[in-house]
Number of protein chains: 2
Amino acid sequence: MSGQAKLVRNNDGPAAPLYTSPREFRAGCRSGQLSLLTRNQCPGYVQCALVALPKALAFEFMVFCQRNQKACPVLEVTEPGQYEPKRSAPGADLRTDLPLYSVYRNGVRVEDVADVTRLWRDDLVGFLIGSNTSCDLALQRAGVQTERYRWPLTTSVPTEPAGAFHGPLVVTMRWLTPQELITATQLTSRFPFNHGAPIHVGDPAVLGCDLAHPLTGSPPPPMPAGLIPTFWACSVTPQVVAVAAKVEFMITSAPTYGFITDLETDKVGIP
Amino acid sequence: MSGQAKLVRNNDGPAAPLYTSPREFRAGCRSGQLSLLTRNQCPGYVQCALVALPKALAFEFMVFCQRNQKACPVLEVTEPGQYEPKRSAPGADLRTDLPLYSVYRNGVRVEDVADVTRLWRDDLVGFLIGSNTSCDLALQRAGVQTERYRWPLTTSVPTEPAGAFHGPLVVTMRWLTPQELITATQLTSRFPFNHGAPIHVGDPAVLGCDLAHPLTGSPPPPMPAGLIPTFWACSVTPQVVAVAAKVEFMITSAPTYGFITDLETDKVGIP
């Protein structure tokens, strides 16, 4: 397993969600039976990336998140050693309730596992970072398709460093119609803690997007006429940055396998 | 000097601003000649409260800010010992460029001074926390008066604690016409890092507001007919909370005497 995030294809259309209740989705993960992509499950609930780091690095990492707020909107910080996200999902267990985790040692992704109970440490601080998948249902209700034409891409845009944390911004590129672009900009602006408004519209080269190597899925095909590339900051950014920082030990959600909270997106536009 | 914030009256209408350039305003503070309330100066620029704390407390304080995001939107965190806010005002000096500081020892406000150069320590981390005064020009342009009928009030609403940090929420109460209320809600929603949308509309008793003891100025007079009390979370909250935590050493902006950044409010709705 290389340090490069590289997972399953996630650009295919979904069936109806198998889960609508975050509690049931998390219980499924906990039972070890479930390895679903998070994105199409529990529509309307806030989804997060998890980053768990030793306490000694937690302040620097949190400052990094503040300096790169569009990519790293922090929704909850757990007490050191605690694995219950008391504010966003009381009773949940961050060690078991995600479908898949990535484990990093000294910046190398050493394994992907479905349960990190045996790896959890008393000094780990968990950060839950809002995901733009949280807004999918709101977008769909407004007529913006969210299933096709969507890729997480690394860019050549540097994040603003903090301590050891540095590296490139990761973005989600979507291809939208002009009306979808307008509606999506309006709507996502209401959710600044799930990446908010787009950061760029148009030519991917302006951001130095690595179109040949999306973080999940295949490279984009030729773009159909009438669509416009639209870019949001992406919560995979902190994972890529923590890898670049060669953090001694870190557990994250595997990209596209996030944590689903009990928070309803429509109600927590601005927490 | 008691630990209770209690300063000059700030509810009277202003003349035209004496300063329109943040750089000149800060230079005036630095020269020691200036003791102006910040609110009416440099319209259109982001204004911040300053909280400077020892590094040992910085992570807990930052988690407190995350858990109370509406009251404590962090716009910049300086490196330990550094007094230049490189992101929001390159070249500025947080030790001299505010009109007035409050110095706290073990939770007691021991003095208010115009310069904290002699008090600055190598372990201090400076937090700049967005203020709703940042939005005044945007509100005025939209026909919302910002000068009269405005009070910072303590409430009986507890903040969500983090470590030693706990205490009541502080709010800004404004009395607005119905149209002003609607416009102000629309407009301030665009500025989630300057307290965003209101947190309450109507009866001050719902929040347990201490109307008899506003943090600055005189108690409100009888409310004119046709106005509606509207409440925003206030950046004096972290000061009150740090006092309750009996922080060993802390320097803050004195209430109503903030730091004026080079950031233009209209451009930094969501940083």
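This structure is a prediction, so every number in the text was calculated from the model and none was measured. (Residues numbered from 1 in each chain as written. Chains lettered and ligands numbered in written order. Predicted model: local features only at pLDDT ≥ 70, side-chain atom pairs only at ≥ 80, totals over all residues.)

Draft legend 1. Broad picture of the relation of the copies chain B and chain A. Of the two same-sequence chains, chain B is brought onto chain A (RMSD 0.0 Å, axial shift 0.0 Å) by a rotation of 180°. Between the two chains, the operation in question is that of a two-fold axis. Measuring from the rotation axis to each C-alpha of chain B, the shortest distance belongs to Phe59 of chain B, at 2.5 Å. Mapped onto chain A, 100% of the interface residues of chain B again fall at the interface, so both copies present the same surface. (Least-squares fit on C-alpha atoms with pLDDT ≥ 70 in both. Contact = placed C-beta atoms within 7 Å.)

Draft legend 2. Fine view of the sheet that holds strand E6 (residues 150–158) of chain A. Residues and elements named next belong to chain A. In space, the four strands of this open sheet follow the order E6-E7-E9-E8, with antiparallel pairing throughout. Among the strands making up the open sheet, the edge pair consists of E6 and strand E8 (200–201). Judged from the two bridges that link them, E8 and strand E9 (residues 228–233) form a sheet pairing that is antiparallel. Within E9, the residue paired with His200 across the bridge is Phe231. Strands in contact with helix H4 (residues 178–189) are strand E7 (168–176), E8 and E9; relative to E9, the strand with the most contacts, it is inclined by about 15°. Where helix H5 (residues 237–244) meets the sheet, it contacts E6, E7 and E9, and its direction lies at approximately 150° from that of E7. (Pairing = 2+ DSSP bridges. Helix = DSSP H or I, 4+ residues; strand = E, 2+ residues; numbered from the N terminus. Axes fitted to C-alpha atoms, helices over the stretch in contact; angles between N-to-C directions.)

Draft legend 3. Seen up close, the confidence of the model for chain A. In this model, chain A carries a mean pLDDT of 90, and residues with pLDDT of at least 70 account for 93%. In the predicted structure, residues 1–13 of chain A sits below a pLDDT of 50 and forms 34 contacts with residues beyond four places in sequence or in another chain. (pLDDT = per-residue confidence, 0-100.)

Draft legend 4. Local environment of the environment of Pro152 of chain A. Residue and element names in this part refer to chain A. Residue position: Pro152 is located in strand E6. Residue Pro152 is classed as buried on the basis of its C-beta count, with 23 C-beta atoms lying within 10 Å. For the pair formed by Pro152 and Cys234, sequence separation is 82 residues and the distance between their alpha carbons is 7.3 Å. Among all residues touching Pro152, those that are not within four sequence positions of it are Val170, Thr172, Pro214, Leu215, Thr216, Cys234, Val236 and Pro255. (Buried ≥ 20, exposed ≤ 12 C-beta atoms within 10 Å, placed from the backbone.)

Draft legend 5. Layout of the interface of chain B and chain A. Contacts between the two partners involve 13 residues from chain B and, on the opposite side, 13 residues from chain A. Among the secondary structure elements, those contributing two or more residues to the side of chain B that touches chain A are helix H2 (55–67) and strand E2 (74–77) of chain B. When residues of the side of chain B that touches chain A are assigned to their parent elements, the largest contribution, five residues, is made by H2 of chain B.

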